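Summary of structural features
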Amino acid sequence: MKVIDAIQNTTETLLSFEILPPLKGKGIDSLYGAIDPLMEFSPSFVNVTYHREEYIYKKREKGFLEKVSIRKRPGTVGICAAIMNKYDVQAVPHLICGGFSKEETENALIDLNFLGIRNVLALRGDARKAEQSFVPEENGNQYASELVSQVVDMNNGKYIEEEMKEASATDFCIGVAGYPEKHFEAMSLKADLKNLKRKIDLGADYIVTQMFYDNNKYFDFVSRCRDAGINVPIIPGLKPITSLKQIKFIPKTFHLSFPEALSDALEDCKTDAEVTQVGVEWGIEQSRELMEKGVPCMHYYTMGKSGAVRKILSATH
Ligand code: FAD
């Protein structure tokens, strides 16, 4: 089922999880180990992230350095198929512009269509770690909006080869990303919203937000979207904090801030267990309020670990 149909067919708050493909070389059982404890909560969807290649430099003889391209977490499409098969749940693959020419994107969409996958989350992706800013592939999409257009074209039976006759139309539901605290590259919230609206006007069906820790930021974002004429469902994304390392990592990496009450509580933590306790309690409060306000779906970023999300769901579901 498509995400948008599931949302429109119920007044209840749905549930979705975001998982990461296992590191290259690890079996799929490690992934199942992270998903199994969450399945009793009957998620409507499981999102599977996409991880592009990165460049690393390997030392070779005589001091030479060799630039090598590696993908640490391959397998998004295969994992979606495996999850749908094992758990009978809809998988939502993340599809990114980075590293894909338009033709490669088209071929990936053909694979997804053959597998009966009806949903995609269309994203730009970040710059490679070795690069200052995002560089699209030659003949690739530069912004998520262009990727949305490509999927919409295929939904209308329009492939890259225009002379292709009677090409079969796909039927993907398209999600896109939104940023309650602004995407870090955007000049202003207003400019970012204009770009978000472009994705919706081009045919995206719903929005999933970047994680946030202050529900007011989400409510403000929704209200700004509505004022800007963005009327699709906006799914809040939550990620419980579970380690001392994440206290610095999350704000820096995802360009967001913690509310004072949360940062005060985190400041007193000495161990990962204490951080997890605070993170789970905060996640429970956030989830309760969002559900009371009738959000369409709760989206939890699991980062491949189910423990904290399970505790939140046990308290709220
Ligand atoms: P875009 O919508 O293209 O926006 C990128 C920036 O460009 C924004 O600042 C926007 O305001 C600006 N912009 C957009 N259009 C224009 C235009 N026409 N002219 C000028 N400026 C413009 N990354 C991954 O690599 N893999 C994943 O699986 C993944 N999953 C994610 C899931 C969610 C729910 C979220 C919120 C993010 C995810 N990301 C993932 C991260 C995402 O790829 C990055 O945040 C990326 O930097 C932006 O992606 P986007 O789709 O929002 O880009």
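Small disclaimer: the values here were computed from a predicted structure and weren't measured.

1. A word on the nonpolar core
Residues Ile83 and Tyr300 are the most contacted members of the largest nonpolar core, which totals 78 residues. Per-element accounting of this core gives the leading share, six residues, to helix α3 (residues 76-87). The contacts of tyrosine 300, once residues within four sequence positions are left out, are Leu15, Ser16, Phe17, Glu18, Leu238, Ser287, Val309, Ile312 and Leu313. Ranked by size, the runner-up nonpolar core spans 12 residues in total, among them Met211, Phe258, Leu262 and Val278.

2. A short note on the site of the ligand
Near the ligand, the surroundings consist of 23 residues, among which Asp126, Tyr179, His183, Asp192 and Lys199 are the closest. Within the backbone of tyrosine 50, an N or O atom sits 2.8 Å from a nitrogen atom of the ligand. Contact between the ligand and alanine 144: an oxygen atom at 2.9 Å from a main-chain N or O atom of the residue. In isolation the ligand offers 980 Å² of accessible surface; the protein chains occlude 85% of this area. Looking at the shell around the ligand, the elements with two or more residues in it are β5 (90-96), β6 (119-123), α6 (189-201) and β8 (206-211). In terms of residues, the shell around the ligand owes the most to one element, α6, which gives four residues. Taken together, the residues that form the shell around the ligand break down as 11 nonpolar, six polar and six charged.

3. Quick notes on helix α10 (residues 272-292)
With 21 residues, α10 ought to run about 30 Å at 1.5 Å a step, and its terminal C-alpha atoms sit 30 Å apart, in line with that. Burial in α10 covers these residues: Val275, Thr276, Val278, Gly279, Val280, Gly283, Ile284, Gln286, Ser287 and Leu290. Summarising the contacts, the buried residues of α10 are in contact with α7 (215-227), β9 (234-238), α8 (244-254), α9 (260-267), β10 (297-301) and α11 (307-316).

4. Digging into the pattern of salt bridges
Following the criterion strictly, the structure yields 11 salt bridges and no others. As a salt-bridge pair, glutamate 53 and arginine 128 come within 2.6 Å of each other at their nearest N and O atoms. Here glutamate 53, found in the loop between β2 (45-48) and β3 (54-59), pairs with arginine 128, found in the loop between β6 and α5 (144-155); they are 75 residues apart in sequence, far enough to count as distant. When the shortest N-O distance is used, the salt bridge between glutamate 131 and arginine 128 registers 2.9 Å. On the accessibility criterion, glutamate 131 (25% relative accessible area) is partly exposed. What you see here is one network of salt bridges that share partners, running through Arg52, Glu53, Arg128 and Glu131.

5. Quick notes on the environment of glutamine 90
Locating glutamine 90 in the fold gives a position in strand β5. With 74 residues separating them along the chain, glutamine 90 and serine 16 place their C-alpha atoms 9.6 Å apart. Once residues lying within four places of it in the same chain are set aside, the contact partners of glutamine 90 are Met1, Ser44, Phe45, Val46, Met84 and Asn119. Polar contacts involving the side chain of glutamine 90 include one to the main-chain amide nitrogen of methionine 1, which spans 3.0 Å.

6. Focus on the state of the cysteines
Counted according to the given criterion, the structure contains zero disulfides. Free of any disulfide, cysteine 80 has its nearest neighbouring cysteine sulfur in cysteine 173, separated by 14 Å.

7. Looking at the sheet that holds β2
What the eight strands build is a closed barrel, ordered β1-β2-β5-β6-β7-β8-β9-β10; its pairing is parallel. Going from strand to strand, the sheet's axes swing by 25° on average, the running direction of each strand aside. Sheet topology note: the β9/β10 ladder contains two bridges and is parallel. Bridged to leucine 238 within β10 is tyrosine 300.

8. Overview of the pairing of strand β1 (residues 14-19)
Along β1, six of the six residues are buried, which leaves the element largely enclosed by surrounding structure. Along β1, one buried face is formed by Leu14, Ser16 and Glu18 and the opposite face, lined by Leu15, Phe17 and Ile19, is buried too. Examined bridge by bridge, β1 and β10 share five bridges and lie parallel to one another. Each bridged residue has a counterpart across the sheet, and for phenylalanine 17 the counterpart in β10 is tyrosine 300. Where β1 meets β2, four bridges bridge the pair, whose relative direction is parallel. Opposite glutamate 18, over in β2, you have asparagine 47 as the bridge partner. The parallel pair β1 and β2, bridged by helix α2 (residues 29-35), forms a crossover whose chirality is right-handed.

Calculation rules
Residues numbered from 1 in each chain as written. Predicted model: local features only at pLDDT ≥ 70, side-chain atom pairs only at ≥ 80, totals over all residues. Heavy atoms only, no water. Core = buried A, V, L, I, M, F, W, Y, C linked by side-chain atoms within 4.5 Å. Buried < 20%, exposed > 50% of the residue type's maximum accessible area, 1.4 Å probe, protein only. Helix = DSSP H or I, 4+ residues; strand = E, 2+ residues; numbered from the N terminus. Contact = heavy atoms within 4.5 Å. Near = heavy atom within 4 Å. Polar contact = N/O pair within 3.5 Å; in protein donor to acceptor, adjacent residues only side chain to side chain. Areas by Shrake-Rupley, 256 points an atom, 1.4 Å probe, with all protein chains shown as cover. Nonpolar A, V, L, I, M, F, W, Y, C, P; charged D, E, K, R; others polar. Expected span 1.5 Å × (residues − 1). Salt bridge = Lys/Arg side-chain N within 4 Å of Asp/Glu carboxyl O. Disulfide = S-S within 2.5 Å. Pairing = 2+ DSSP bridges. Axes fitted to C-alpha atoms, helices over the stretch in contact; angles between N-to-C directions. Right-handed = clockwise from strand over helix to strand, strands pointing away.

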